[in-house]
Each structure stands twice: as C-alpha cells, then as structure tokens.
Amino acid sequence: MAQIERTKNTARNLIFGTMLTMLQIFVPFVMRTVIIYILGVQYVGLDSLFYSILSVLNLAELGVGTAMVFSMYRPIAEDDTVTICALMKLYRTYYRVIGLVIAVVGAVLTPFVPKLITGDVPTDINVYTLYLIYLGATVMSYWLFAYKSSILQAYQRYDVISKVLLVTTCLQYAVQFLVIWLFKNYYFYVLALLGAQVLTNIFTAICADRLYPQYKARGGLPRLEVSVINGRIRDLVTAKIGDVIVGSSDAIVISAFLGLTQLAIYQNYYAVILAIISIEMILFKASLAGIGNSLVVETKEKNYNDLCIFTLIVCWITGVCSCCLLNLFQPFMELWVGRELMVEFPVVICLVIYFYLFIFNQLLQTYKDSGGIWHTDRFRSLITAMVNLVLNLIMVQFWGLYGIILSTVLSMLVVGIPWLIQNLFTTMFEKKMLLPYIKKVVVYVIAGVLACGATYYICSFVNVGLIPTLIIRLIVCAVVPNLIFLVIYFRMSDFWGALGFLNSMLHGKLNWLLSKKNRVK
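As the structure is a prediction and not an experimental result, all values here were calculated from the model. (Residues numbered from 1 in each chain as written. Predicted model: local features only at pLDDT ≥ 70, side-chain atom pairs only at ≥ 80, totals over all residues. Heavy atoms only, no water.)

When its secondary structure is counted, the protein chain shows 19 helices and 0 strands. Residues counted as buried form 50% of the 521 residues belonging to the protein chain. The contacts of the protein chain with a sequence gap of at least 6 include a subset with a gap of at least 24, amounting to 83%. With the model as given, the accessible surface of the protein chain reaches about 24,300 Å², and the carbon-plus-sulfur share is 69%. (Helix = DSSP H or I, 4+ residues; strand = E, 2+ residues; numbered from the N terminus. Buried < 20%, exposed > 50% of the residue type's maximum accessible area, 1.4 Å probe, protein only. Contact = heavy atoms within 4.5 Å. Areas by Shrake-Rupley, 256 points an atom, 1.4 Å probe, with all protein chains shown as cover.)

Structure below.
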C-alpha cells in the first residue's frame, strides 16, 4: 500500500498556501482601490454583483469535487492505477455536464441581469456583454482540463496548485492594473480574468501530467461504484445548501431589520475575521488529503492521536488569534473607519466567540470530509442552518446585532458542533475515545478564556495613541497567550506530539527540544 508523504506535503502546502492567501487578501484590496479612483465606485459594484450571481450558479458543483477526490484515496493507497484513471474519466464527464448546466442557466438569466442593478450603469458598459464574459470565465473553470486537478488534490499536492495560482494570479493582476492605468477600459480588465482562468487550467493540467503521467482519463467503473459516488454527491447537497444559508442569512437579516448602515459596520468587522479565517484554513486544506490517506492506511488509535494533536495546534493558534481580535479590533477599527462606524465592545466579544467556534468546527469538518462520512452527516448542516435562521429572525427583534451574532453562536454550539463530534466518533473512531477528547477540548477552551482574560487585563492599561496602542497590544497578544498555553500544555503528550509534527516539517531542527521529553516525564 502506498503512503503519501503527509508531513512533507503538509509543510509544502502550508508555505505556498500561505503565500497565495496573502496575495488573495491584499492585492484585490489594492485593485479595488485603483478601480475606485480611476474608473469609479460603480465598477466595483458591478464586479461584486457578478461574483455574487456566479457564486450561486456554482452551487451546481454540489460537492462533486469533494466526492471524487475522496474516492481516489483508497486506490492511491493501493496503487490501483486502473481505478484512478476511471475515476478521472468520470470526473471529467461530471465537470463537463456541470459546466454545461452553468452555461445554460447563466444564459437564461442574462435578460434579468439589469433588473438586479439599482441606479445608473456606467455609460461605456454593456451589462450583457460584461456578464457573459464573467459567465465564460466560470464555465471555462469546469470545461478546460479542470478534472486534472483532482489527482493533485488526492496526492496532497496543493502546493503545486498554489504555485500555478501564484503565477497566473500575479500575471492577471499585473495585466489588469496596466489596462486600467493605461486604457481605463473595464472590458479589458474582465477579459484578463478570463485569460487567467484559461492559463490556470492549462498550467495545472501540465503539472499533473508531468508529476503523474501514468494517470489518464480512460476506462470505466462498475455501476455499483458509480452509484456509491453519486450517493456521496447527493449527501453533500444538503451541506452545500446549509453552508449557503449560514453564509448569507446573517447579512440578509441585518439588512432587512437593522438597515444598510449596521450591515456595513458588521461587514467591516467580519472582513477582518474572514481574512484571519482564510489564513487558518490553509492548515486544513493543506492537511485534507494527508488525513484522508491516514484514515485509509493507519489504525483508529493512530488517527485519534493525530486528531488530538491537530486539535491542540488549532486551539493554540486560534486562541492567540482570539486574543488579538479581542484587544486589537477596536483601535484598528477606529484607525481604519472612525468611531462612528464601530460596534460596542460586547459585540466584539460575541464576534471573537464566533471566530473560535468557526475554526474549531472547520477542524471537525476537515476530518468529516477526509473520512467521507457525508451520509451520516447529511442533515446536520441543513438543520443547523435552519436553527440559525429561525433564531436570527427571533433574536434580532429583541437584541439587534447582538441577537444575530448570538444566534449563529448558539446554533453552532448547541446543534452543529456536538452533532458533528458525535458523528465522527460513531463512524471514524471509537465511542470510548469521545469522553477523553471532550475533556481535552474543555481544557483548551478554558486555557483560551484565561489567555483572553489576561491579555485584556494587561491591554486595558495600554492607551497611548492608536498606532502605539496597536503595536504594544500586538506584542502583548503575541507573548502572553503563548506563555499561558506553554505552561498549561507542557506536560501533555499531545503537546510533544505537536512538537514532533512541527519537527518533521522543519526537517529535525527541533530534535534538541524533543530530547528533553523524557526528562520532563
């Protein structure tokens, strides 16, 4: 049985994933600023509108990619080239159909696009032409060799995908900046997006062929296996729909009940949280295929120990980030948008709790996706989303913005996370492991609360001007929680397991520290 070099691949994925995420966070902000100052704010609005429309159309994917990549884990572990090739052929067929569905539905929606735009459109813009270019970029992302990226994902080579995206995205932004600066032509700007998508698919396909030339889209699968894959896709549908509801209901309810000003203020805070989430998500994405491979070839005990180690790492990182958000949010917002667009501090506390729960939930989701337990978990996401929506509509009446954020927190804390943990430990691990795991999580949460409390107390004495306050508080948040976590976790076996994982990624540079493990015991 073949084993993927999980630790080595995770390290590579983290490095290049981080680089790509930094690019995708900061450069679009610069580009939006350039568009606003050179072309006008209406063009930014058009950009956001079309991305929103096409995001809904992308629901047609309905988890096909996740299901297909999961189906490759076992044949890769068993060196079953014939099955992998057949899976790639099936994946290619599915993606061609999805691209066709998006093209047809998108074309049908074309006459209605102007009705989604309130106010005037720039005089030099034909909305239909612009929309069709965006639609073409989306369709091309499925039609042009898109299936070949599956083999890179299944082999945990997200670093290759990240490298391709780094090159094509940098080229895209460079061309877009030049055409806006020199020609002030928005059509050229959008065509650069279409060109970048074409190059991304072609370069990814070339890399996949060079790394894994033995895999071609050929052959067929038994009907029973195709039926199993289709069943996995059906099970992923509810999760997709649930994620869309959770991702959009808060903003819709805020807009409907509290107004656009409150929505704008909320989105300012949420944008910062989303940037941090996207950075932490690199760890989960980088580890996904490695965890999937481990679940196939390793014992339940080994995988449970890995889960405990990952949980400690995630809770440590998230705890430090939570301290930063708690103490830096308000001075940063005052510096960025001014006091008139700030929320009260209790709302910040609610947002920090939401952030912590969201990241922990993503850890569990990563194991769920790696283990492919979508059938067992098929209703959880949708029911959690419906609970969130109902609580939103009720609690906003009494507590406004507090109620909306608290409803999301409660839906995750009472329904989503406990249900997901239960599903993991009844399908992938053993029930006897559940209570010890929960005890560990409780310890991590208490440690996080202590760290937040300590940093808040210290930072409350730091008010020496916005920029100095931000710098000093950042130093406090970088030092204090790490010291607290070190003291609490130092004698835990998972702490040394986490160090061993980090040591593997650093090619043995922490051997001197790990040699002290026996002395501590």
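The next thing to look at is the packing of aromatic side chains. Inspection of the entire model under this criterion finds 17 aromatic pairs. Consider the rings of tyrosine 269 and phenylalanine 329, whose centres lie 4.9 Å apart with planes at 55°: the pair is tilted. Within this pair, whereas tyrosine 269 is found in helix H10 (residues 260-297), its partner phenylalanine 329 is found in helix H11 (residues 300-336), the two being separated by 60 residues in sequence. Aromatic ring contacts, followed pair by pair, group Trp316, Tyr444, Phe485 and Tyr489 into a single cluster. (Phe/Tyr/Trp six-rings, centres within 6.5 Å; stacked < 30°, edge-to-face > 60°.)

Per the counting criterion, the structure on display carries 1 cavity of 30 Å³ or more. Each pocket or cavity is described by its volume, and for the largest cavity that value is around 40 Å³. If you go around the largest cavity, the residues you meet are Asp250, Tyr266, Leu351, Tyr354, Ile405 and Thr408. Elements represented by at least two residues in the lining of the largest cavity include exactly helix H12 (345-371) and helix H14 (401-427). Looking at the lining of the largest cavity residue by residue, the classes come out as 4 nonpolar, 1 polar and 1 charged. (1 Å grid on protein atoms, 1.4 Å probe; cavity = no way out; pocket = protein on both sides within 12 Å on 5 of 7 lines; lining within 4 Å. Points joined across faces, edges and corners; volume = space filled by probe spheres on them. Nonpolar A, V, L, I, M, F, W, Y, C, P; charged D, E, K, R; others polar.)

The subject of this paragraph is the packing of helix H15 (residues 434-459) against helix H16 (residues 466-489). Contact geometry for H15 and H16: axes closest at 9 Å, N-to-C directions at 145°. Handedness of the H15/H16 crossing: right-handed. Together, Val443, Tyr444, Ala447, Gly448, Leu450, Ala451, Ala454, Thr455, Ile458 and Cys459 of H15 and Arg473, Val476, Cys477, Val480, Pro481, Ile484, Phe485, Ile488 and Tyr489 of H16 make up the contact between the two elements. (Axes fitted to C-alpha atoms, helices over the stretch in contact; angles between N-to-C directions. Left-handed = near helix turned anticlockwise from the far one by under 90°.)

To continue, consider the packing of H12 against H14. At a minimum axis distance of 10 Å, the contact between H12 and H14 shows a crossing angle of 25°. The orientation of H12 relative to H14 falls into the category roughly parallel. Here H12 runs over H14; the crossing is left-handed. Its residues assigned to classes, the contact of H12 with H14 comprises 22 nonpolar, 3 polar and 1 charged. (Parallel < 35°, antiparallel > 145°, perpendicular 65-115°, else oblique.)

For the rest of this paragraph, the subject is the pattern of salt bridges. Using the criterion set out here, one finds 4 salt bridges in the structure. Measuring nitrogen to oxygen at the nearest pair gives 3.4 Å for the salt bridge that ties arginine 74 to glutamate 78. In this structure, lysine 148 engages aspartate 209 in a salt bridge whose closest nitrogen and oxygen atoms are separated by 3.0 Å. One end of the pair, lysine 148, is in the loop between helix H5 (127-143) and helix H6 (149-154); the other, aspartate 209, is in helix H8 (residues 186-211), and 61 residues separate them in sequence. For lysine 148, a relative accessible area of 9% puts it in the buried group. Overall, the relative accessible area of 25% leaves aspartate 209 in the partly exposed class. (Salt bridge = Lys/Arg side-chain N within 4 Å of Asp/Glu carboxyl O.)

Quick look at the environment of isoleucine 394 now. Positionally, isoleucine 394 belongs in helix H13 (residues 380-399). Isoleucine 394 gets classed as partly exposed once you look at its relative accessible area, which sits at 44%. Counting along the chain gives 10 residues from isoleucine 394 to isoleucine 404, while the straight-line C-alpha distance between them is 8.9 Å.

Let's shift gears to H12. Taking 1.5 Å per residue, 27 residues should reach 39 Å; H12 reaches 40 Å between its end C-alpha atoms and fits that length. Across the 27 residues of H12, 20 count as buried, placing the element largely inside the fold. Looking one or two residues beyond H12, the residue adopting positive phi is glycine 372, at roughly 65°. (Expected span 1.5 Å × (residues − 1).)

Let us now look at the side chain of threonine 384. Structurally, the position occupied by threonine 384 is in helix H13. Only 2.7 Å separates the side chain of threonine 384 from the backbone oxygen of arginine 380, close enough to count as a polar contact. (Polar contact = N/O pair within 3.5 Å; in protein donor to acceptor, adjacent residues only side chain to side chain.)

Grouped together as the largest cluster of nonpolar side chains are 78 residues, with contacts concentrated most on Tyr269, Phe360, Phe425, Tyr437 and Tyr489. Those elements that place two or more of their residues in this core are helix H9 (223-257), H10, H11, H12, H14, H15, H16 and helix H17 (493-505). Among all residues touching tyrosine 437, those that are not within four sequence positions of it are Tyr304, Leu307, Cys308, Thr311, Phe360, Leu363, Leu364 and Phe425. Ranked by size, the runner-up nonpolar core spans 42 residues in total, among them Tyr91, Tyr131, Ile151 and Leu221. (Core = buried A, V, L, I, M, F, W, Y, C linked by side-chain atoms within 4.5 Å.)

This next bit is on unusual backbone geometry. In this model, aspartate 79 sits at a positive phi of 55°, which is unusual for a non-glycine residue. Topologically, aspartate 79 is positioned in the loop between helix H3 (64-77) and helix H4 (81-109). Backbone geometry places lysine 184, a non-glycine residue, at a positive phi of 50°. Relative accessible area serves as the criterion here: at 48%, lysine 184 is assigned to the partly exposed category.

For H15, with 26 residues, the first-to-last C-alpha span of 37 Å sits near the 38 Å given by 1.5 Å per residue. Leu434, Tyr437, Val441, Tyr444, Ala447, Gly448, Ala451, Cys452, Thr455 and Cys459 are the residues of H15 that are buried.

Further remarks concern the layout of surface pockets. Computed from the structure, the second largest pocket encloses a volume of approximately 600 Å³. In terms of lining, the second largest pocket is formed by 25 residues, of which the most central are Ile353, Tyr356, Leu357, Val445 and Val449. The element that contributes the greatest number of residues to the lining of the second largest pocket is H15, accounting for 9 residues. Split by residue class, the lining of the second largest pocket holds 22 nonpolar, 3 polar and no charged.

We now examine the state of the cysteines. Summed over all chains, the structure comprises 0 disulfides. Unpaired in this structure, cysteine 323 has its nearest cysteine sulfur neighbour in cysteine 452, at a distance of 3.8 Å. No disulfide involves cysteine 324; its nearest neighbouring cysteine sulfur is the one of cysteine 477, lying 4.6 Å away. (Disulfide = S-S within 2.5 Å.)

Moving on, we come to a nonpolar patch on the surface. Side chains of Phe177, Leu178, Trp181, Leu182, Phe183, Phe188 and Leu191 sit close together on the surface and give an oily, nonpolar patch of about 730 Å² of accessible area. Of all the elements in the fold, those that place two or more residues in the nonpolar patch are helix H7 (158-182) and H8. Broken down by element, the residue count for the nonpolar patch peaks at 4 residues, all from H7. Since its relative accessible area comes to 57%, leucine 182 is described here as exposed. (Patch = residues over 30% accessible without salt bridge, like charges linked within 9 Å, V, L, I, M, F, W, Y side chains within 5 Å.)

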